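# Structural features, examined
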Amino acid sequence: MAEQPCPVPRPGPAGNAGPAPPGPPARPRDQWSKKMDFLLSVVGFAVDLGNVWRFPYICYQNGGGAFLIPYALMAVFGGVPLFYMELALGQFHGTGAIPIWKRICPIFKGIGFAICIIGLYVSFYYNTIIAWALFYLGSSFSGTLPWASCDNAWNTPRCTNYLGGSNVTWTNSSRSPAEEFYTRKVLEIHKSGGLYDVGGIRWQLLLCLFLIFTIVYFSLWKGVKTSGKVVWVTATLPYAVLLVLLVRGATLPGAWRGVVFYLRPDWGKLLSPAVWVAAAAQIFFSLGPGFGVLLALASYNHFHNNCYRDALVTSAVNCLTSFLSGFVIFTVLGYMAEMRDVEVEDVAKDKGPSLLFITYPEAIANMVGSTFFAIVFFLMVITLGLDSTFGGLEAVITAVMDEYPQALARRRELFVLGLIALCFLGSLSTLTYGGAYVVKLLEEFGAGCSILAVVLLEAIAVSWFYGIQRFSNDVKAMLGFAPGMFWKVCWAAISPAFLAFIIASSLLDQPPLALFGYEYPAWSISVGSLVGASSFVCIPFYMVYKLLWTPGSLKQRLAVCIRPEKTARDPQAEALRLAPLL
């Protein structure tokens, strides 16, 4: 598409577009107090529970050490360019995911609304997983961990503590103490008949979730000034815990078996398209472009911050953390295989929350100093989850407040309280006896293909409609140098192709959904598909709305709708953004 001269004045010394619109004066936009506040917030968002539970499993399932080749290629040509693009967009325009489209391509403004809806869906289930971890943390303060034996009220005759002695027979119907603690004590899922009958609410989990959302509220209510301080703990503590667990895991008998299994290359796997799809999906969901978080966090930067260096550093930290987590997990799995006298692959079958709440706790229960390691492990899980929650909700808060500044600028505390209350109410179904089934459904459909499609359209809107050259000029205005040809080619062609490849593969290969032996009924898959579509439909709906309400012929309407709008900027706010950040 031919590029038009940008009518939006670039935010700079000469970037004022006239007086601000009439109305009550808005509160000056927040800025990060320190550069490290921003970096830790980005790292905290990108490094989440998926780095611990998803990457190690996908790595060994798709060729071990050989998987690192497609993973690295997908990161370089797909994930990192999109990560860099979002940071640059947010920093240049200094606004959230909804109003930013007025300055890029107005007809795509529905992307911003879709991002906010996806953020809500994620908050409905993600914080429940953190609440589970909080329940585990509270249960860890005991001399003997409650999932270490079969002598508890919730255990069944099938409970088998295979690490408790040498004369134990393990069968397909056997259940470990850790599995029964998770399913029968934490979730009490045996009281549910499935999605048809999820049962009542677990009041213990309700209290845990209330505490989690209380922490989230008081971390976000004042903006980046408060959340930027909280991440100094929540973003750094997981690394200290990972190192402690890595050292402990490396000293366990059989740890080397797990490491060999984790990294043993299976070069034949590289010929399978499924491996490349898995690598592309993992790097995308790990770095997290498209959720509006990078746009929001970068919008609080000063104008000349080096977001290029930030993108490279934080994405590298994210990928290395995933790799390190693999050693932490598989040294313990090797230990479990040694103690059970089986192959590593026989104990490395769990993925997702089961890895965090069954497999790893089971190993911890049989370590010396089990109470200490259980406490630090679940502290790590909670802090990893909280960081991502901070980022996800900040994206929604920033987008809505920037869209309606006159109404919300001086009412942030009330707006955040209302948003947290909405998220809490939306999470209630995940706290029932069958709540784990709801969590699985939302995890699969709430932010699956819909978020991939959102980022694909975002990349197309910026590269093809706003224009690569115009975007490069924006980056040059901020950094003093324009992006190289590599980045331009990735933004315009490789990254969109990368996203289309993942979407097509995901739609063509949809395995049956199951959890703890429960097969999801067909109607639940239809409901999940509607949930996924409910966010994406904001984009075509807004396009139709914009075209209908824009005056002129169809050709004139299209021309207006794809051209960036002139927006008035606050000179005082822009001056603050130009101030250097230490």
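Now for a description of the structure that goes with this document. Sequence order sets the numbering: in each chain, residues are counted from 1 along the sequence as written. Per-residue local features of the predicted model are confined to residues with pLDDT of at least 70, and side-chain atom pairs are confined, for both listing and counting, to 80 or more; whole-chain, interface and lining totals are unaffected and use all residues. In computing side-chain properties, one takes all heavy atoms of the structure into account and sets aside hydrogens as well as water.

### Some remarks on the environment of Phe-291
Following the sequence through the fold, Phe-291 ends up in the loop between α11 (273-287) and α12 (293-298). Beyond its immediate chain neighbours, meaning those up to four positions away, Phe-291 contacts Phe-45, Ile-115, Ile-118, Val-122, Ala-395, Ala-447 and Ile-451. By definition, any uninterrupted DSSP run of H or I lasting at least four residues is a helix, any uninterrupted run of E lasting at least two residues is a strand, and each is numbered from the N terminus. We call two residues in contact when some of their heavy atoms are within 4.5 Å.

### As for helix α15 (residues 353-364)
Structurally, the α-helix is built with 3.6 residues per turn, so residues lying three or four positions apart point the same way. Helices are assigned an expected span. That span is 1.5 Å times one less than the residue count. In a regular helix each residue adds 1.5 Å, so 12 residues correspond to 16 Å; α15 covers 16 Å between its end C-alpha atoms and thus fits that length. The classification of residues rests on relative accessible area computed with a 1.4 Å probe and restricted to protein chains. Under 20% of the type maximum is buried, over 50% is exposed, and intermediate values are partly exposed. Across the 12 residues that make up α15, a large majority, 12, are buried. By the burial criterion, the buried members of α15 are Pro-353, Ser-354, Leu-355, Leu-356, Phe-357, Ile-358, Thr-359, Tyr-360, Pro-361, Glu-362, Ala-363 and Ile-364.

### With respect to the packing of aromatic side chains
Within 6.5 Å between ring centres, the rings of Phe, Tyr and Trp (the latter by its six-membered ring) count as paired, and their orientation is classed by plane angle as stacked under 30 degrees, edge-to-face over 60, tilted in between. With the rule as written, the count across this model stands at 52 aromatic pairs. Relative to Trp-221, the ring of Tyr-217 has its centre 5.8 Å away and its plane inclined at 50 degrees; by these criteria the two rings are tilted. Assessed through its relative accessible area of 12%, Tyr-217 is described here as buried. Overall, the relative accessible area of 27% leaves Trp-221 in the partly exposed class. Three or more aromatic residues joined by ring pairs form one cluster here, namely Trp-132, Phe-135, Tyr-136, Trp-147, Trp-154, Phe-181, Tyr-182, Phe-357, Tyr-360, Phe-377, Phe-378 and Phe-516. The criterion for a charge sitting over a ring is simple: Lys NZ or Arg CZ within 6 Å of the ring centre, and within 35 degrees of the ring normal. In this arrangement the basic side chain of Lys-222 is found over the ring face of Trp-221, its NZ or CZ atom lying 4.8 Å from the centre.

### Quick word on the state of the cysteines
Here, a disulfide means two cysteine sulfur atoms that sit within 2.5 Å of each other. For the structure shown, the criterion picks out 1 disulfide. There is a disulfide in this structure between Cys-150 and Cys-159, and the S-S distance comes to 2.0 Å. Its S-S torsion of approximately -75 degrees makes the covalent link between Cys-150 and Cys-159 left-handed. We classify Cys-159 as buried; its relative accessible area is 11%. Looking at the unpaired Cys-561, the closest cysteine sulfur is the one in Cys-105, lying at 8.5 Å. By relative accessible area, Cys-561 is classed as buried at 0%.

### Comments concerning the pattern of salt bridges
The working definition used for a salt bridge is a side-chain nitrogen of Lys or Arg within 4 Å of a carboxyl oxygen of Asp or Glu. One pass over the full model with this rule turns up 11 salt bridges. Residue Lys-35 pairs with Asp-310 through a salt bridge whose shortest N-O separation is 3.2 Å. Taken together, the residues Lys-35 in helix α1 (residues 35-46) and Asp-310 in helix α13 (residues 307-340) connect sequence positions 275 residues apart. What makes Asp-310 buried here is its relative accessible area of 3%. A network of salt bridges, in which partner residues are shared, links Glu-188, Lys-191 and Arg-202.

### Comments concerning empty space enclosed by the protein
Points on a 1 Å grid over protein atoms alone make up a cavity when a 1.4 Å probe fits among them but cannot get out, and a pocket when they form an open set with protein on both sides within 12 Å along at least five of seven lines; lining residues each have an atom within 4 Å of a point. Grid points are joined across faces, edges and corners, and a volume is the space filled by probe spheres set on the points. Summed over all chains, the structure comprises 3 cavities of 30 Å³ or more. Within this model, the largest cavity holds a volume of roughly 80 Å³. Lining the largest cavity are Trp-32, Ser-41, Gly-44, Phe-45, Leu-220, Ser-227, Val-231, Leu-297, Asp-387, Phe-390, Gly-391 and Glu-394. Counting only elements with at least two residues in the lining of the largest cavity, the list comes to α1, α8 (224-234) and α16 (370-403). With 4 residues, the top contributor of residues to the lining of the largest cavity is α16. Gly counts as polar in this scheme, as do all residues outside two lists: the nonpolar Ala, Val, Leu, Ile, Met, Phe, Trp, Tyr, Cys and Pro, and the charged Asp, Glu, Lys and Arg. Counted by class, the lining of the largest cavity contains 6 nonpolar, 4 polar and 2 charged residues.

### Points about the side chain of Lys-488
Counting through the fold element by element, Lys-488 comes out in helix α21 (residues 485-508). If sequence neighbours within four positions are ignored, Lys-488 has contacts with Ile-468, Gln-469, Ser-472 and Pro-483.

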